[in-house]
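# Commentary on secondary and tertiary structure
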Amino acid sequence: MMTEIKYLSTRGQESNLNFEDVLLSGLARDGGLYLPNTWPRFSNLELNEMKNLDYVSLAEKIISPFVGKEIRSKLYEMCREVYSNFNHEEVVPIKKLDANLYVMELFYGPTFAFKDYAMQFLAHVFDYVLKEKKKKILIVGATSGDTGSAALEAFKNNTNVDLFILFPNNKISLIQQKHMTTIFKKGCQSVAIETDFDGCQSIVKSLFSDLNFKDEVKLSAINSINWVRLIPQVVYYFYGAFKLGAPNKKVNFSVPTGNFGNIFAGWVAKKMGLPINTLICASNQNDILTRFFDSGTMERKCVEESYSPSMDIQVSSNFERLLFEMLGSRSVFVPQGQGRSGRLLRGNGMSLRSDCPCRQDVEQGRFARTRRTEQHDHDFALLQIEIDAVKRGDGL
């Protein structure tokens, strides 16, 4: 019988929570992020048994250890309902660009964003749990474009959720803004804010910090601060690696990075036994993570707008999860004022272990801004965010 995983907060004030607690809470009451108290790990034998599974079956296998018994019994059907709506028979096809260089195509969901792969699953889980508990909740989310569109599309028929999406006015693509503002469903609202994504995210976190308000409106989250949003993203790392020869062959992933959720899902996949050699954290000029790895100082600067708005972030929320692991699963202490100054120093009780997974698994890439769409000698074009990742991956 599979042992049920329990969850704890990265800031140490909450522990022993179950899957549904974490789903509905979104952000921990102490301001931290939830993580499992133990990591499930597949043996090489199990990986070989999994490598030929279709996407739905693989999703069930990978997500199963993280959920409770009741949801586990419904999980295959839930995954089947979610991914049968995607517009490719493989769900996540892999296209070869060059010798040992491939692109994972994550745009076959209803909004053509990679966020669909997690958001559609998240909406199904919320719908199931809220119906079972006969509850209604409020969700407030922040977006740099793709999260908002994916969330509103996924939750538009969920009658137990009131969803508000905050987006930075005139700092997302026109098609994303039109998509978010033309979903006319009760309980779906998009709100333009005169700030950047970090400002929108700060508003969301401030709402969670008001515990009386959080409890009164039953506030939850759809951003990747909600652990359940991250779990389905782990699946496509396994699927892509298996397509390229894992577990008998190690693979590298170059991941365009903004809020650090997608690449952290890759780190989780490695933690679960997937033979990943290197995870490359591809950043643009908003390179707060690059500077942290180089200097040991995480310092927020002004966001520079680029052609990759999803990477135009200076406060990468999910980095706290990796930091927690880097500190040996010790509580992450956030000094007073750090949230305002955006400054975090390595040392003073926060020094990293010498075997820091980040140093082994995550390399930093810094790329010059480019003002055109590049063709990679193939029959499809790459967007700027993809160019950033491909350039870094091509340099291995």
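Residues numbered from 1 in each chain as written. Predicted model: local features only at pLDDT ≥ 70, side-chain atom pairs only at ≥ 80, totals over all residues. Heavy atoms only, no water.

### Let's talk about the nonpolar core
Core analysis: the largest hydrophobic core is formed by 98 residues, its most contacted members being Y83, Y117, F155, W227 and F238. When neighbours within four sequence positions are excluded, F155 is seen to be in contact with M119, L122, A123, F126, I139, V161, L163, C188 and I222. Ranked by size, the runner-up nonpolar core spans 13 residues in total, among them V140, C200, A221 and I225. (Core = buried A, V, L, I, M, F, W, Y, C linked by side-chain atoms within 4.5 Å. Buried < 20%, exposed > 50% of the residue type's maximum accessible area, 1.4 Å probe, protein only. Contact = heavy atoms within 4.5 Å.)

### Focus on the confidence of the model for the protein
Low pLDDT marks stretches whose predicted atomic positions should not be read closely. Scored by pLDDT, the protein comes out at a mean of 84, with 80% of its residues at no less than 70. Segment residues 335-342: pLDDT under 50, and seven contacts once partners within four positions in sequence are set aside and those in other chains are kept. Contacts of residues 347-389 to residues separated by more than four positions or lying in other chains number 107 contacts, the stretch itself having pLDDT below 50. (pLDDT = per-residue confidence, 0-100.)

### Topic: the packing of helix 6 (residues 146-155) against helix 7 (residues 174-181)
Contact pair helix 6 / helix 7: the axes reach a minimum separation of 9 Å and the direction vectors enclose 25 degrees. Classified by the interaxial angle, the pair formed by helix 6 and helix 7 is roughly parallel. Pair helix 6 / helix 7 crosses with left-handed handedness. Here helix 6 contributes D146, G148, S149, L152 and E153 to the contact with helix 7, which in turn contributes Q176, H179 and M180. When grouped by side-chain class, the residues that make up the contact of helix 6 with helix 7 number two nonpolar, four polar and two charged. (Axes fitted to C-alpha atoms, helices over the stretch in contact; angles between N-to-C directions. Helix = DSSP H or I, 4+ residues; strand = E, 2+ residues; numbered from the N terminus. Parallel < 35°, antiparallel > 145°, perpendicular 65-115°, else oblique. Left-handed = near helix turned anticlockwise from the far one by under 90°. Nonpolar A, V, L, I, M, F, W, Y, C, P; charged D, E, K, R; others polar.)

### A word on the packing of aromatic side chains
Using the criterion set out here, one finds 17 aromatic pairs in the structure. When the ring of Y7 is compared with that of W227, the centres are 6.5 Å apart and the planes differ by 50 degrees; the resulting orientation is tilted. Taken together, the residues span a long stretch of sequence, with Y7 in strand 1 (residues 7-9) and W227 in helix 10 (residues 227-243) at a distance of 220 residues. Across the pair, exposure class does not vary: Y7 and W227 are buried alike. Centroid distance F86 to Y117: 4.7 Å. Interplanar angle 55 degrees. Geometry classified as tilted. In this pair, F86 sits in the loop between helix 4 (69-83) and strand 3 (94-98) while Y117 sits in helix 5 (residues 116-133), placing the two residues 31 residues apart along the sequence. A residue is classified by how much of its surface remains accessible, and Y117, at 0% relative accessible area, is buried. An aromatic cluster of at least three residues, connected via ring pairs, comprises Y55, Y83, F86, Y117, Y236, Y237, Y239 and F253. (Phe/Tyr/Trp six-rings, centres within 6.5 Å; stacked < 30°, edge-to-face > 60°.)

### With respect to the side chain of S224
Its location among the elements puts S224 in the loop between strand 8 (219-220) and helix 10. Assessed through its relative accessible area of 5%, S224 is described here as buried. The residues touching S224, leaving out its near neighbours within four places in the chain, are R229, L230, N259, G261, N318 and R321.

### Some thoughts on the sheet that holds strand 5 (residues 137-142)
If you walk across this open sheet you meet the four strands as 7-6-5-8, and the pairing is parallel. Looking along the sheet, the strands with just one partner apiece sit at the ends: strand 7 (188-193) and strand 8. With six bridges joining them, strand 5 and strand 6 (residues 161-168) adopt parallel strand pairing. Looking at the pairing, G141 lines up with I165 of strand 6. (Pairing = 2+ DSSP bridges.)

### Structural notes on the environment of K271
Topologically, K271 is positioned in helix 11 (residues 261-271). Look at K271 and you get partly exposed, because its relative accessible area is 33%. In this structure, the C-alpha to C-alpha distance between K271 and R41, residues 230 residues apart in sequence, is 7.0 Å.

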